[in-house]
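Inside the fold
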Amino acid sequence: MELNRIITGDCIAAMNAMPAKSVDLIFADPPYNLQLHHNLLRPEGGKVDAVDDDWDKFDSFAAYDAFTRAWLAAAHRVLKDDGSIWTIGSYHNIFRVGAALQDLGFWVLNDIVWRKTNPMPNFKGTRFTNAHETLIWCAKSETARYRFNYHAMKALNEDLQMRSDWLLPICTGAERLKSGGTKAHPTQKPEALLYRVLLACTEPGDVVLDPFFGTGTTGAVAKLLGRDWIGIEREEKYVAVAQARIDGLLPLSGGDMAVSEGARGLARVAFGALVETGMIRPGTTLWDARRRHRARVRADGSVERDGRAGSIHQIGAAAEGAAACNGWTYWHVEEGGGLVAIDAKRVAYRAATGVASAG
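Let me sum up the structure you'll find in this document.

Rules behind the numbers
- Residues numbered from 1 in each chain as written.
- Predicted model: local features only at pLDDT ≥ 70, side-chain atom pairs only at ≥ 80, totals over all residues.
- Heavy atoms only, no water.
- Salt bridge = Lys/Arg side-chain N within 4 Å of Asp/Glu carboxyl O.
- Helix = DSSP H or I, 4+ residues; strand = E, 2+ residues; numbered from the N terminus.
- Buried < 20%, exposed > 50% of the residue type's maximum accessible area, 1.4 Å probe, protein only.
- Phe/Tyr/Trp six-rings, centres within 6.5 Å; stacked < 30°, edge-to-face > 60°.
- Lys NZ or Arg CZ within 6 Å of the ring centre and 35° of its normal.
- Pairing = 2+ DSSP bridges.
- Axes fitted to C-alpha atoms, helices over the stretch in contact; angles between N-to-C directions.
- Contact = heavy atoms within 4.5 Å.

**Digging into the pattern of salt bridges**
Side chains that carry opposite charge are capable of pairing whenever their charged atoms lie near each other. This structure, assessed with the given rule, holds 21 salt bridges. Between lysine 80 and aspartate 24 there is a salt bridge, with its nearest N and O atoms 3.1 Å apart. Separated by 56 residues along the polypeptide, lysine 80 in strand β3 (residues 79-89) and aspartate 24 in strand β2 (residues 23-28) bring together distant segments of the chain. Aspartate 103 is the partner of arginine 69 in a salt bridge, and the nearest nitrogen-oxygen pair spans 2.8 Å. Remark: aspartate 103 occurs in helix α3 (residues 94-103) and arginine 69 occurs in helix α2 (residues 61-78); sequence separation between them is 34 residues. Looking at arginine 69, the relative accessible area reads 37%, which means it is partly exposed. Bridged by salt links that share partners, the residues Lys21, Asp81 and Lys140 form one connected network.

Below, the structure written as structure tokens:
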């Protein structure tokens, strides 16, 4: 089976042509079946750039359900017995997808609420703002063994258990891919979301399949983290964008992919949030202000110095031989020929995501 490639065509046919039990993880972002019958308008009369593409249109709920069961059955066949599947959707489709998952024998492990820090407002003012999407994480069966990198998730969240509500920004700014001056894809997912999923449930060398590849976020993050990937996408315009994106990305290397095996006022920001959003990349060297001590950032937001890994605070304290240390002000990154405290990156993260207060 050829890895690290995009298959152009129908996802059901493509998965049915793959060897059985050949992939470790599936991330699926299927059509949401938004049922948009009219243009959405802003208060001033401008048209909202919503999802109105043919690939999101189905004649009926029955047609959508038949499609869902067909691709999930194909996914079940190619998934390894110890693998897992993640699906994402909105209120339009996620409950129908969830029922199909259970009917086909998948075992629900968690539903994850992705709380968007910067959601699109409800322009008509007739409903609550849709500020979240739901992910469903399933094992292949009730008794299946599956991978969950618990300690890596804890490290990413600054040594606290990772919760099932994830506060992450939608894809905006430089991360939003453009084609001809407009969005290349209406529902491009942020890298931070896939970073967390892949770090939680795979290890380097695992094979990740995305049957609705779009602009290739899954492939880009898989390459970054040293996972193999296969993308399936029927729209050739997305294939070209995704391939160029992935070709231009350098993967991590060596120990940079290592993760932990064990171990009021302003809103709390975990150092891992800066890592998964790309503000500080894994492999970055951190320095103290006088360049006496240095540490290396790992994929799960922990840092390593002299063979010991821990949080920015723990490793800072160890470097100084102190009982405690504020890692945010102790550690710095190279920028513009000088050192910048990582706390400045935290400030920039809050500003970029709109996360300001703990409430």
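The rest of the description comes next.
**A short note on the packing of aromatic side chains**
The tally for this structure, following the rule as stated, stands at 11 aromatic pairs. Summarising the aromatic geometry, the rings of tryptophan 71 and phenylalanine 212 are spaced 5.1 Å apart at their centres and angled 85° between planes, so their arrangement reads as edge-to-face. Of this pair, tryptophan 71 sits in helix α2 while phenylalanine 212 sits in the loop between β9 (207-210) and α6 (217-224); the two residues are 141 residues apart in sequence, bridging distant segments of the chain. Taking the centre distance of 5.4 Å and the plane angle of 10° together, the rings of phenylalanine 213 and tryptophan 229 count as stacked. Here phenylalanine 213 is found in the loop between β9 and α6, whereas its partner tryptophan 229 is found in strand β10 (residues 228-233), with 16 residues between them in sequence. Both residues of the pair, phenylalanine 213 and tryptophan 229, count as buried. Among the aromatic side chains, those forming a connected cluster through ring pairs are Trp86, Trp137, Tyr146, Phe148, Tyr150 and Trp166. The lysine or arginine in question, lysine 116, covers the ring of tryptophan 114, its NZ or CZ lying 5.1 Å from the ring centre. The residue whose ring lies beneath arginine 291 is tryptophan 287, and the NZ or CZ to ring-centre distance is 5.6 Å.

**Digging into the sheet that holds β10**
Pairing in this open sheet of eight strands is mixed, and the strands run β1-β10-β9-β2-β3-β5-β4-β6 from one edge to the other. Where the open sheet ends on each side, the last strands, each with one partner, are β1 (5-8) and β6 (165-168). Pairs of neighbouring strands in the sheet enclose a mean axial angle of 20°, with direction left out of account. In the sheet, β2 pairs with β3 via five bridges, with the strands oriented parallel. Counterpart to alanine 28 in the pairing with β3 is threonine 87. Seen against the sheet, α2 touches β2, β3 and β9 and runs at an angle of roughly 150° to β3.

**Some words on the environment of threonine 215**
Mapped onto the secondary structure, threonine 215 falls in the loop between β9 and α6. For the pair threonine 215 and alanine 240, spaced 25 residues apart in the sequence, the C-alpha separation amounts to 8.3 Å. For threonine 215, the contacting residues outside a window of four places in its chain are Leu177, Ala184, His185, Gln188, Tyr238, Val241, Ala242 and Arg245.

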